[in-house]
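The chain contents come next:
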Amino acid sequence: MGKKLALYFVRHGQTYLNKNLRMQGWADTPLTPEGIEIVKASGRGLADTEFVAAYSSDLHRTIATAELILKENKHAYGLTLEPLEEFRETFFGSFEGELGDVAWNKIARANGYVTQQDLFDHADVRETMNGTKKADPTGDAEDFMTFWTRVEQGFLHVINRHREEGGNILIVAHGNTIRNIVHELEPSIKETFVLDNASVTVLAYENGLFKVERLNDTSHFIKE
C-alpha cells in the first residue's frame, strides 16, 4: 500500500490577458508585475513544504509561476520542473485573445441563450465547452471530451508515477484545468468555483481515495 500523496495545485499568476479581461487558453502572455509579486507571496507561504516532484503545463505563464515558487522554496535544490502539455488550459480556438464579454456573448447567442449570464446560469461546464466549439467558426476550440481526455492523461501520469512513494507534488496549472480535476474526483464540489491567481488547492490521495484538503487557499500568502 502506497503512502499519502498530496497534490498541490497552484493556479498561475496574473497575466496581461487576465488583467485586460481577455480570453486566455493556449494564448500566452507574460505575468504582470502584480502577478509576479502574488506568486512570490504564495511561494513564501509554501517555502517549508518539501516537494518530491514539480510539474506545470507547458505554457509560459505556468512555467514562470512554478519557477518563482520553487525559487522561494527551502527544499527545492536539485528539483527539476517537468512541463506537461496535458495540463494546459482549455483551447478557445478563434476566441483566444478576444475580450471575454464579447466572446461569451457570441458563444451564448450561438447556443440559444440571450446573454453570457444566461449561459452561465443554465449550462454546466460540459455544455459550455461543447457550446464554445459549436460557436467557433474555425471549429478549433476544444469540446469537453477532448479537453478532459488530455487532462486526465496528465493527471494519471503523475498519480501512477508517485502513488507508491507518496509525498508532496507541485502542479502549476490553470483555472479550468484545476477546477475540472477537483470536480471529477469530488463531484460535491461544483466546477463553477473561481480560483484566484497563485491560490493553492490540495488534493490528497491515500488508500485509493481522493480528498480535497484545501480549496482556492490564499491564507498562506506571505508579503515581504
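Being a predicted model, the structure only gives us computed values, none of them experimental. (Residues numbered from 1 in each chain as written. Predicted model: local features only at pLDDT ≥ 70, side-chain atom pairs only at ≥ 80, totals over all residues. Heavy atoms only, no water.)

Colleague: Account for the sheet that holds strand β5 (residues 200-206), with residues named and values stated.
Modeller: Pairing is mixed across the open sheet formed by six strands, whose spatial order is β3-β2-β4-β1-β5-β6. The open sheet has two edge strands, β3 (81-84) and β6 (209-217), and neither has a second partner. The average angle at which neighbouring strand axes cross in this sheet is 20°, direction not considered. In terms of strand pairing, strand β1 (residues 5-11) meets strand β4 (residues 167-173) through seven bridges, oriented parallel. By the bridge assignment, V10 is partnered in β4 with V172. Lying over the sheet, helix α3 (residues 60-72) contacts β1, β2 (51-57), β3 and β4, oriented at roughly 140° with respect to β4. Those strands touched by helix α8 (residues 175-185) are β1, β4, β5 and β6, and its axis lies near 145° from that of β1. (Pairing = 2+ DSSP bridges. Helix = DSSP H or I, 4+ residues; strand = E, 2+ residues; numbered from the N terminus. Axes fitted to C-alpha atoms, helices over the stretch in contact; angles between N-to-C directions. Contact = heavy atoms within 4.5 Å.)

Colleague: I'd like to hear about the pattern of salt bridges, residue by residue, with values.
Modeller: Scanning all chains against the criterion turns up 13 salt bridges. Across the salt bridge formed by K106 and E98, the nearest N and O atoms sit 3.9 Å from each other. Residues R214 and D217 are paired through a salt bridge, measuring 2.8 Å at the closest nitrogen-oxygen approach. Judged by relative accessible area, R214 falls into the partly exposed class, the value being 24%. The buried category is assigned to D217, whose relative accessible area is 15%. The network of salt bridges with common partners includes R44, E72 and E224. (Salt bridge = Lys/Arg side-chain N within 4 Å of Asp/Glu carboxyl O. Buried < 20%, exposed > 50% of the residue type's maximum accessible area, 1.4 Å probe, protein only.)

Colleague: With reference to specific residues and values, describe the environment of V114.
Modeller: Looking at where V114 falls in the secondary structure, it is placed in the loop between α4 (100-110) and α5 (116-122). In the structure, V114 is positioned 76 residues away from K190 in sequence and 24 Å away in space, judged by C-alpha atoms.

Colleague: Can you break down the packing of helix α2 (residues 33-45) against α3 residue by residue, with the values?
Modeller: Axis separation between α2 and α3 bottoms out at 8 Å; the angle between their running directions is 40°. One element, α2, and the other, α3, form an angle in the oblique class. Between α2 and α3 lies a crossing whose hand is right-handed. The residues of α3 that touch α2, namely those facing I36, V39, K40, G43 and R44, are T65, L68, I69 and E72. Class assignment of the residues belonging to the contact of α2 with α3 gives a composition of four nonpolar, two polar and three charged. (Parallel < 35°, antiparallel > 145°, perpendicular 65-115°, else oblique. Left-handed = near helix turned anticlockwise from the far one by under 90°. Nonpolar A, V, L, I, M, F, W, Y, C, P; charged D, E, K, R; others polar.)

Colleague: Just give me the short version of the packing of aromatic side chains, but keep the residues and values in it.
Modeller: Applying the stated criterion across every chain, the model contains seven aromatic pairs. Where Y8 meets F51, the ring centres are 5.4 Å apart and the plane angle is 85°; that geometry is what we call edge-to-face. Residue Y8 is found in strand β1, and its partner F51 is found in strand β2; the two are separated by 43 residues along the sequence. F51 matches Y8 in its accessibility class, with the two residues each being buried. Stacked on the ring of W26, the Lys or Arg R88 has its end atom at 4.7 Å from the ring centre. (Phe/Tyr/Trp six-rings, centres within 6.5 Å; stacked < 30°, edge-to-face > 60°. Lys NZ or Arg CZ within 6 Å of the ring centre and 35° of its normal.)

Colleague: Could you give me a rundown of the layout of surface pockets, with the residues and numbers involved?
Modeller: Any empty space left between the atoms is revealed when a probe the size of a water molecule rolls over them. The computed volume of the largest pocket comes to approximately 990 Å³. In terms of lining residues, the largest pocket is bounded by 31 residues, among which M23, F92, W104, F120 and R179 are the most central. Those elements that place two or more of their residues in the lining of the largest pocket are α1 (16-19), α4, α5, α6 (125-135) and α8. Top contributing element to the lining of the largest pocket by residue count: α6, with four residues. (1 Å grid on protein atoms, 1.4 Å probe; cavity = no way out; pocket = protein on both sides within 12 Å on 5 of 7 lines; lining within 4 Å. Points joined across faces, edges and corners; volume = space filled by probe spheres on them.)

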